[in-house]
Amino acid sequence: MSRGPNVRALILNGQCGSGKSTQACRLRAHAERLGLGVATVAVDDAVERITNGNTTDHPWDEFISSIAPQVLEELCDECRGGFLSDDLTGRIVSYLVGQISETPSPDLLIFDGFPHTSAQVKTATKILADAGVRIGIGGNAFFVRLQIKPETCASRLVRRADSGAGPDFMAIKRRMRAYDEHQYSLRTVVPDAGLCFLQVGAIDHAEEDVVTKRIISTLPDMFFCTSVARHLNTGVATTAVTS
């Protein structure tokens, strides 16, 4: 993709059912209201096209068709808990970010759920650097973890399953367990990779707009400015907002 002078990145991390996709949409709308150009990158968009058998009539067709067999095979592997391998996930994200070159260079890249393993963090830093996002102190890359009780996430996922919009209960348990296996190390790996680690309390009773406001208030004041400050990441590794 073509590089803008102040491209910044917002990575949304959190347990399945924590509201990442919802917040990605809300934060994109907020940024666009302020005049920023925004691109959202979500692996699930590509996966959903494959699982729905929708691999035609779209610019992604050739790539989607090429990875469909591997995606379906990995999704059937119960040990993965419904997650794709780090290598395949990285290939999909690299492709999606590359497609952004078809449009004017965005001011903000929002990553919905990527990276969520230590190996993916390494891939993410390369993708971000290639996209023109500064990494490290003085950088523009922020990793925001949505902190929420596991039972709340499970309840949300079960409701989706009951409505036919999600996996069954056993698949939900496997997916949540697979996610948890990688999260403890990210607290160290993410800052070490030059991404600013922030934590936002998406507590059980909070409305979606409340969580959105918390994320915005946790980020630097200049993050959503059209003329972004040159140095956003001041080197603070973790900020927690819990109330």
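Caption draft 1: Highlighting helix α2 (residues 43-51). Among all positions of α2, only Val43, Ala46, Val47, Arg49 and Ile50 are buried. The buried residues of α2 all sit within an arc of 155° when viewed along its axis, so they share a single face. Those residues of α2 hidden inside the fold are in contact with β2 (38-41), α3 (61-75) and α4 (86-99). Immediately downstream of α2, the backbone of Gly53 shows phi near 70°, a positive value.

Caption draft 2: Highlighting the packing of aromatic side chains. Summed over the entire model, instances satisfying the criterion amount to five aromatic pairs. Pairing Phe63 with Tyr95 gives two aromatic rings, centres 3.9 Å apart and planes at 10°, and the pair type is stacked. Placement of the pair is Phe63 in helix α3 and Tyr95 in helix α4, with a sequence separation of 32 residues. For Phe63, a relative accessible area of 15% translates into the label buried. Note on Phe142 and Phe223: the rings are 5.5 Å apart at their centroids and 85° apart in plane angle, and the pair reads as edge-to-face. Within this pair, whereas Phe142 is found in strand β4 (residues 141-147), its partner Phe223 is found in the loop between α8 (208-218) and β6 (240-241), the two being separated by 81 residues in sequence. You'll find Phe142 and Phe223 in the same group, each marked buried. Linked through ring pairs, Phe142, Phe223 and Phe224 together constitute an aromatic cluster.

What counts and what doesn't
Residues numbered from 1 in each chain as written. Predicted model: local features only at pLDDT ≥ 70, side-chain atom pairs only at ≥ 80, totals over all residues. Heavy atoms only, no water. Buried < 20%, exposed > 50% of the residue type's maximum accessible area, 1.4 Å probe, protein only. Helix = DSSP H or I, 4+ residues; strand = E, 2+ residues; numbered from the N terminus. Arc of directions from axis to C-beta. Contact = heavy atoms within 4.5 Å. Phe/Tyr/Trp six-rings, centres within 6.5 Å; stacked < 30°, edge-to-face > 60°.

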